[in-house]
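Okay, here's what each chain looks like letter by letter:
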Amino acid sequence: MDIEESRQTLKPTNMKKIALLLATIITISASAQVVSSEPEKEFKCKGQIYVLGVNATGDKLIAGTDDGAQVFDMGNGKKLFDLEFEDNRHDKAVFYLAFDETGRYCAGVGRYGARVVWDLETGDIVENANSMHWLPTSADTKNLGLNTKNAETDFPYQQREATVPGDDDKLATAKGCKIEFFSTSAYKVVQTLTIEGAKTTALLPPVYFEGEYLITATDAGTIGFYKLQ
């Protein structure tokens, strides 16, 4: 093809068609479903869930609740342990989780910064755990966004927002009984996931991604796994 033929091929009409096609492709991509509209599987938990986490080996799911925490087998959803937690103000709610690199230990942090370490193989509290290098320090807990002036209805440690893994353009944000997926490039919500079965319309469902799933929960204790599309 000579230079003149190239000029004819890229004439304005063709360029407009190409631009329109690209715009259509971008729009379709921005509007594509981010996660499945229904959970692929569900675990049943007791109590209101504030935070979710998976240990380093990926075989246990931990749910921080208004009464300590609970451990589930990631494979079959069976509850393995109830993990005890209570700070010196008799508050039992767990709002933050941290894990060691072996997958055996998990730390729970309460409303006012109290820390407990659990052994995920036995469900027992680990005594004298302050030497564990992965454990959040007292200074760390103060930086988690919580202080004693917060009202009892405030849940600052709750997982309210996260970037979709593998897609930095999509931001998942918890709203009342739903999770919105916002495209920062298209500057619009591309999917709204309604979380069914909540007790209150004010629920802010946890936003937690693990592997190929968005894992979230209701205040009625149902943990849902929504597959990334």
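Quick note: structure is the one above.
Residues numbered from 1 in each chain as written. Predicted model: local features only at pLDDT ≥ 70, side-chain atom pairs only at ≥ 80, totals over all residues. Heavy atoms only, no water.

**Student:** Looking at this model, I keep getting lost on the packing of aromatic side chains. Mind explaining?
**Tutor:** Here a ring pair, both rings aromatic, is described through the centre-centre distance and the interplanar angle of the planes. Under the criterion given, the structure shown has 5 aromatic pairs. Seen from their ring centres, Phe43 and Phe225 are 4.8 Å apart, and the 55° between their planes marks the pair as tilted. Pair noted here: Phe43 is in strand E1 (residues 41–44) and Phe225 is in strand E15 (residues 222–227), with a separation of 182 residues, a long-range link. Accessibility expressed as a relative area gives 4% for Phe43, which makes it buried. For Phe225, a relative accessible area of 0% translates into the label buried. (Phe/Tyr/Trp six-rings, centres within 6.5 Å; stacked < 30°, edge-to-face > 60°. Helix = DSSP H or I, 4+ residues; strand = E, 2+ residues; numbered from the N terminus. Buried < 20%, exposed > 50% of the residue type's maximum accessible area, 1.4 Å probe, protein only.)

**Student:** Even after reading the chapter, I still don't get the nonpolar core, so can you show me in this structure?
**Tutor:** For soluble globular proteins, nonpolar side chains are generally found buried alongside one another. Of all hydrophobic cores here, the largest spans 16 residues; its most connected members are Val35, Ile179, Phe181, Leu193, Val207, Phe209 and Leu214. Taken together, the elements giving at least two residues each to this core come down to strand E9 (161–164), strand E10 (167–175), strand E11 (178–183) and strand E12 (188–194). Phe209 has contacts with Ala162, Thr163, Val164, Pro165, Ala172, Phe181, Leu214 and Leu228, leaving out every residue within four places of it along the chain. Residues Phe43, Leu61, Ala63 and Met74 belong to the second largest nonpolar core, which totals 15 residues. (Core = buried A, V, L, I, M, F, W, Y, C linked by side-chain atoms within 4.5 Å. Contact = heavy atoms within 4.5 Å.)

**Student:** Just to check I follow, could you spell out the layout of surface pockets for this structure?
**Tutor:** Where empty space is left can be seen by rolling a probe of water-molecule size over the atoms. Estimated volume of the largest pocket: approximately 190 Å³. Along the wall of the largest pocket there are 13 residues; nearest its centre are Asp67, Gly68, Gln70, Asp82 and Leu83. Those elements giving two or more residues to the lining of the largest pocket turn out to be strand E4 (68–73) and strand E5 (79–83). Sorting elements by how many residues they give to the lining of the largest pocket places E4 first, with 3 residues. The class makeup of the residues in the lining of the largest pocket is 3 nonpolar, 3 polar and 7 charged. By volume, the second largest pocket is sized at about 150 Å³. Taken together, 13 residues line the second largest pocket, and the ones lying closest to its centre are Pro39, Thr194, Ile195, Glu196 and Tyr226. Within the residue set of the lining of the second largest pocket, elements represented by two or more residues are strand E14 (213–217) and E15. The residue makeup of the lining of the second largest pocket, split by class, is 4 nonpolar, 6 polar and 3 charged. (1 Å grid on protein atoms, 1.4 Å probe; cavity = no way out; pocket = protein on both sides within 12 Å on 5 of 7 lines; lining within 4 Å. Points joined across faces, edges and corners; volume = space filled by probe spheres on them. Nonpolar A, V, L, I, M, F, W, Y, C, P; charged D, E, K, R; others polar.)

**Student:** Even after reading the chapter, I still don't get the environment of Ala93, so can you show me in this structure?
**Tutor:** Along the polypeptide, Ala93 turns up in the loop between E5 and strand E6 (94–99). Overall, the relative accessible area of 3% leaves Ala93 in the buried class. A C-alpha to C-alpha distance of 6.7 Å links Ala93 and Arg111, two positions 18 residues apart in sequence. Setting aside chain neighbours within four positions, we find Ala93 in contact with Tyr50, Thr65, Asp66, Phe85, Val109, Gly110 and Arg111.

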